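Structural description and commentary
Residue-level listing of the chains:
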Amino acid sequence: MCAMKQESSKRVLIIEDDIDLLMLLERRLKKEGFEVETAISLPEAEELIIYFSPHLVILDINVNGQDGRKLCWKIKKQGTDPDIKVVMISGFDINPVRAALFGADDIVPKPFNIDFLVGRVDRLLFYLPDYK
């Protein structure tokens, strides 16, 4: 069981252009008690970051041919809340050290076990204070 089912739910934004994977992640995270929004493009994601104020972003490195690492950098270095956690997911062989250079808090290679990803999300959000 997810540790987040306790008090207030944490907000997670999923940015993924594979609709099947996006829907699978959305359903699972909602089942675990997270409040979830989704985006299939980086411009849509940028708007949702402002209005949804996620605690964590699950971000594909390649979203419709656009480089998700640039959005990660923007979230962590130029955003209004650098405490937003970012988990990058990728089908490419990406070195975790390189991902960290863009500000990613974690990277999960595709394909992945959904329980593994949910565990990573839990780990990153477990110590956050309760938000409104």
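Further up the page is the structure itself.
Residues numbered from 1 in each chain as written. Predicted model: local features only at pLDDT ≥ 70, side-chain atom pairs only at ≥ 80, totals over all residues. Heavy atoms only, no water.

The buried fraction of strand 1 (residues 11-15) is high, at 5 of 5 residues. By the alternation rule, side chains of strand 1 split into Arg11, Leu13 and Ile15 and Val12 and Ile14, which are all buried. Examined bridge by bridge, strand 1 and strand 2 (residues 35-39) share 5 bridges and lie parallel to one another. Bridge pairing in strand 2 links Val12 to Val36. (Buried < 20%, exposed > 50% of the residue type's maximum accessible area, 1.4 Å probe, protein only. Helix = DSSP H or I, 4+ residues; strand = E, 2+ residues; numbered from the N terminus. Pairing = 2+ DSSP bridges.)

What follows covers helix 2 (residues 42-52). Among all positions of helix 2, only Leu42, Ala45, Leu48, Ile49 and Phe52 are buried. Along the axis of helix 2, the buried positions cluster into a sector of 110°, meaning they face one direction only. Away from its buried face, by an angle of more than 90 degrees, helix 2 presents the exposed residues Glu47, Ile50 and Tyr51. Packing partners of the buried residues in helix 2 comprise strand 1, strand 2, strand 3 (56-60), strand 4 (62-63), strand 5 (66-67) and helix 3 (68-78). Capping the start of helix 2, Ser41 holds a side-chain oxygen 3.3 Å from the backbone nitrogen of Glu44, two or three residues further along. The positive-phi residue at the C-terminal boundary of helix 2 is Ser53, with phi of around 50°. (Arc of directions from axis to C-beta. Contact = heavy atoms within 4.5 Å. Polar contact = N/O pair within 3.5 Å; in protein donor to acceptor, adjacent residues only side chain to side chain.)

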